[in-house]
Amino acid sequence: MVSLMLVLPLFGALLIALCRSEERAKWIALVTTGLVLVLAVLLLFQFDPSKSSSFQFIDYGHWLPSLSIKYKVGVDGLSLVMVLMTALLTFIAVPSAWNYIGRRKKLFYALLLLLETAMLGVFVSLDLLLFYIFWEAMLVPMSLIIGIWGGERRIYSALKFFIYTFAGSIFLLVGMVVLVVFYTSLTGNFTFDLQHLLSVKLPLELQKWLFWAFFIAFAVKVPVFPFHTWLPDAHVEAPTPGSVILAGVLLKMGTYGFLRFSLPLFPEAYRMYAPIIFVLGVIAVIYTALVALVQKDLKKVIAYSSVSHMGFVMIGLFSLTVQGIEGAIFQMLSHGLVSGALFFLVGVIYERLHTREISKMGGLAALAPKLATLGMLFTMANVGLPGTSSFVGEFLTILGGYKASHLTAYLMALGVIFGAAYMLYTYRNVFFLEPKVLSFEDLDRRELLSLGLLAILVVWWGFNPEFIMKFLHVYTHELLGGV
Amino acid sequence: MNLNISLFVPELFLVGSAILLILLDLFLPSRGKNGLFSTITFAVTCVAVVLVALYSPFSPQEAFNGFIKKDLLSALSQLLILFTLLLTVLVSYDYIEKFPTGYVGEFYYTLIFAALGGMLMVEANELATLFVSLEVMSISIYILMALFRGDYRGKEAALKYFILGSIGAAVIAYGFAVLYGITGSTLYPEVSSSLKSNFSVAALIGIALVLSGFLFKVGAVPFHGWMPDAYHGAPTPVTLFMGASVKVAVFVALLKLFFPVFLPAFERWGEAVLIFGLVSALFGAFAALGQENLKRMLAYSSISHAGVILTAVATLPALAVYSVFFYLFAYTFMTIAAFGIISLLTVKGFKGENLTEWRGLYGRSPFLALLSVVIFMALAGIPPLLGFWAKFYVLVALIKAGKVLPAVIVMLASLISLGFYLKPIVFAFMKEGREEGVPVGFSSYAAVFISSFILIILGLFPEVVSQASLVSLASFIKGTM
């Protein structure tokens, strides 16, 4: 079933390539991503939460026997949540591109589907090299999406994104091979299989080196301060669906990597360097929140807010407490939904006004009440209002941070206040104040449906986080038990 | 006397066919010659592929009193060279249709002789044989570069390459002479056993000279000066052939000479090769960044790739043969595809090698633009394309040999390379250009399509190449014991 999810988008992309009509491409993409979402939901219901620490639905085959590299995919609690989020956001990205992408539609939707395969592949690979291949393969379609359909500085941003991420991952590849060669020297068995590699305890000295090798790759993706400079460029220049995917899914690949590889493989180094991560995380939370406060471009506000929120996730992950890690995973999911929705909203406004300058907006609430209502909901969700899913994530990560270090938690809470400041300030400038535009079309049915779906989920999981959390309890306990 | 001439059937067949072509060339009128000669060459090459496959022994066999030794490493390398020849013929047919030359016949049979030289190089088991076959290949290529009428850049490149190449050859010859003076023999096994029992400083000088000559031929720093001019100036199909087949022939010859024969001094030349390799990998990548001409850019990128292969040579012998062969396999098809697409896009008044002409390529020929993504991403080593696996095997070899820092440097070079491999893609997709397309020839299109298709399919299923590298390694080791 997991393999089917990986193959479906490829098949859809092929179909788009073969079909002649430019207009039909988006329908094919919608149906394909829809089917993948259905599969993801089915997976959710068939998954056994009481065994969420072990991998289920494993598909397995030899791929490169001479180096014993396997095609091995499967999901545990963490992967399941990530797969669900990816399927959901790619499905939402299609309607967000509906009118925004005006030219070369076939190419766009084909790339989007290729991207979906690569993203899902990252979250379900159980072989290190397979993971790396999906991780890298994703760069090409994403850079093309930014570079072809992006804004004015699109080429610069696309190249920066590509080269920055690639720079991080070269250390990942070297680190992986060093790890595997070391494993081979211990056991005589050359393999990239994660489950085998977890069975040996690495000496601390090696753990330290490998931790940083993996850290650079993941930190660029998250992005952890000070590796975040590619993100505002990429986000601002990317077309709406690109931003939705970037903020919603791509950033989580980094944090996923920390949980999937760094923590189980290098537990001592992970614990040892946690204080450094706390410092970087707190800087990300507060500094980028302050930066967001002074942005004039609506998209930049949300881009910096993403960096700030990922700071919470990082602190949660490195708090090494049940609350912190569960909260971080939940926050990953929740931030995916909320930031995806916010970028969608920005796209909606941009399509109508052809500007993202906050100073050129204002008074939209009177002209577009539906937009303003949903905007309010997602603004509040981004602030972390109780009743929305973000509250659950932020609260738990702060709790985890508090258990690990009181000061960190206080500073994180300060970040929440700044977060409220820039979000509310932005909301006021866009939706209230003097109207600066004469006419503004409210949301149409397509936009309403897609944003409505996200809104329902944000509120539902805000009130009933256990629906997701139940897949994480056993996973987190096992994970921390092993450390 | 142990001639064992039956082992030599593929090579004899090629020589015979080339001579036949020379005779045909004398008697046929020049009209329609391109079609006829390219078809004959294509067919001859196909037969040669079958013959090489039929006459490839797993257990190494000697011919001509041990002057020639065939094993699977040499057979598979010969197949690579012949595939290069096949696709070169496809590209050349279109090129000659676009840019006529008075020397059609000469072009095709010289191409066969060049391939033949390469094929002999990879199975040479004696120093003089190696030298002669190297010269057969090099001289054929000098001629090929200068064959197009009115193409002064090509003639200039040929002259430059000829002068510098002769110096390179002279250095190799001098090294061989020194080795002969010390050991009293030119046969690999005898040189090898003599060096094993009595290793002197003079032998080291001989090895150093031979190594410099080889480094010259693969274009490693600091012997790379001729590369950009030669690659740039040569007619694109010739650049294609030279870029792919010379690398294969010289590197395989290097493996077959250095590992069995010079093994006693591995510690010394291994270090040197590693350093030359790393410097080349970095230098090539940095120098290519500034190029606006794709052929020059690919010349520098080829310096960088040669550097990466050299670092793999400097690992342990077994790892080296395995990863070098894998890399050469991938590199052959990447080179063919890259120069193939440049040749395809070049018509009168429209130079496919200028980056600015790539503007808006997606708008006029979307499929070619997509192929160019495959080709340049494969060269950059992005998975899941064949180029990634080549890089990965080198990485595994380096780290297994305990050389982690060189591995990081190789990866850094590939990061820098990304900066220029992305350029054509940026121009093709992200910049607007003229709308009307360039007429593309079917046969070179086919060559580009086939080689890019190989980059994708074997990238998804690299086991085939991996097995090929493994058996050639096994056969090679069997031969040296």
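Here the structure is a predicted model, which means the values were calculated and not measured.

A. Summary view of the overall build of chain A. A count of helices and strands for chain A gives 22 helices and 2 strands. With the C-alpha coordinates aligned to their principal axes, the bounding extent of chain A is approximately 75 × 60 × 40 Å. The buried share of chain A, reckoned over its 483 residues, is 60%. When contacts within chain A are restricted to residue pairs at least 6 apart in sequence, those whose partners lie at least 24 apart make up 80%.

B. The pairing of strand β2 (residues 69-75) of chain A, seen in detail. Burial analysis of β2(A) places 5 of its 7 residues in the buried class, which makes it a mostly covered element. The turn linking strand β1 (residues 56-64) of chain A back onto β2(A) is made up of 4 residues, and A:Ser68 within it adopts a positive phi angle of 40°.

C. Region of interest: the nonpolar core. Ranked by size, the top nonpolar core spans 391 residues in total, and within it A:Val83, B:Val324, B:Tyr327, B:Ile375 and B:Leu395 carry the most contacts. Looking at this core, the element that brings in the most residues is helix α13 (residues 317-345) of chain B, giving 22 residues. Not counting residues up to four positions away in its chain, the partners in contact with B:Leu395 are A:Leu173, A:Val174, A:Val177, B:Ala407 and B:Val410.

D. Spotlight on the packing of helix α6 (residues 152-183) of chain B against helix α9 (residues 226-233) of chain B. Residue and element names in this part refer to chain B. It is the contact of α6 with α9, at a shortest axis distance of 8 Å, that shows an interaxial angle of 145°. Of the two possible hands of crossing, α6 and α9 adopt the one that is left-handed. Facing Arg153, Gly154, Glu156, Ala157, Lys160, Tyr161 and Leu164 of α6, the residues of α9 in contact are Trp226, Asp229, Ala230, His232 and Gly233. Split by residue class, the contact of α6 with α9 holds 5 nonpolar, 3 polar and 4 charged.

E. Spotlight on helix α13 (residues 274-293) of chain A. All names here are of chain A. Over its 20 residues, α13 extends 28 Å from the first C-alpha to the last, a length consistent with the 28 Å expected when each residue adds 1.5 Å. All of the buried residues along α13 are Ile277, Phe278, Leu280, Gly281, Val282, Ala284, Val285, Ile286, Thr288, Ala289, Val291 and Ala292. Contacts from the buried residues of α13 go to α14 (298-319) and α19 (406-431).

F. Structural view of the pairing of β1(A). Both β1(A) and β2(A) contribute to a ladder of 6 bridges, which runs antiparallel. The residue bridging A:Gly61 from the neighbouring strand is A:Tyr71, located in β2(A).

G. Summary view of the packing of helix α5 (residues 127-145) of chain B against α6(B). Residue and element names in this part refer to chain B. In the contact formed by α5 and α6, the axes pass within 9 Å of each other and the chain directions differ by 175°. Between α5 and α6, the angle falls in the class roughly antiparallel. In this structure, α5 uses Leu127, Phe131, Leu134, Glu135, Ser138, Tyr142 and Met145 to contact α6, whose residues at the interface are Gly154, Ala157, Ala158, Tyr161, Phe162, Gly165, Ala169, Ile172, Ala173, Phe176, Leu179 and Tyr180. Residues belonging to the contact of α5 with α6 are distributed by class as follows: 15 nonpolar, 3 polar and 1 charged.

H. Molecular detail of the interface of chain A and chain B. In this complex, chain A contributes 25 residues to the contact, which on the side of chain B involves 26 residues. Of all the secondary-structure elements, those providing two or more residues to the side of chain A that touches chain B are α5 (128-137), α6 (139-149) and α7 (154-187) of chain A. For the side of chain A that touches chain B, the element with the most residues is α7(A), which contributes 13 residues. Within the side of chain A that touches chain B, the residues separate by chemical class into 21 nonpolar, 2 polar and 2 charged.

I. Just the environment of A:Leu173, in detail. Its place among the elements puts A:Leu173 in helix α7. Separated by 283 residues in sequence, A:Leu173 and A:Ile456 place their C-alpha atoms 40 Å apart. Setting aside residues no more than four positions away along its own chain, A:Leu173 makes contact with A:Tyr132, B:Leu395 and B:Met411.

J. Representation of unusual backbone geometry. Here the bond from A:Phe225 into A:Pro226 is cis, since omega is 0°, no more than 30 degrees from zero. Residue B:Val221 is joined to B:Pro222 through a cis peptide bond whose omega torsion reads 5°. Relative to the assigned elements, B:Pro222 resides in the loop between α8 (201-218) and α9. Unlike most non-glycine residues, A:His354 shows phi in positive territory, near 55°. Here A:His354 is to be found in the loop between α15 (322-353) and α16 (364-367).

Calculation rules
- Residues numbered from 1 in each chain as written.
- Chains lettered and ligands numbered in written order.
- Predicted model: local features only at pLDDT ≥ 70, side-chain atom pairs only at ≥ 80, totals over all residues.
- Helix = DSSP H or I, 4+ residues; strand = E, 2+ residues; numbered from the N terminus.
- Buried ≥ 20, exposed ≤ 12 C-beta atoms within 10 Å, placed from the backbone.
- Contact = placed C-beta atoms within 7 Å.
- Pairing = 2+ DSSP bridges.
- Core = buried A, V, L, I, M, F, W, Y, C linked by C-beta atoms within 7 Å.
- Axes fitted to C-alpha atoms, helices over the stretch in contact; angles between N-to-C directions.
- Left-handed = near helix turned anticlockwise from the far one by under 90°.
- Nonpolar A, V, L, I, M, F, W, Y, C, P; charged D, E, K, R; others polar.
- Expected span 1.5 Å × (residues − 1).
- Parallel < 35°, antiparallel > 145°, perpendicular 65-115°, else oblique.

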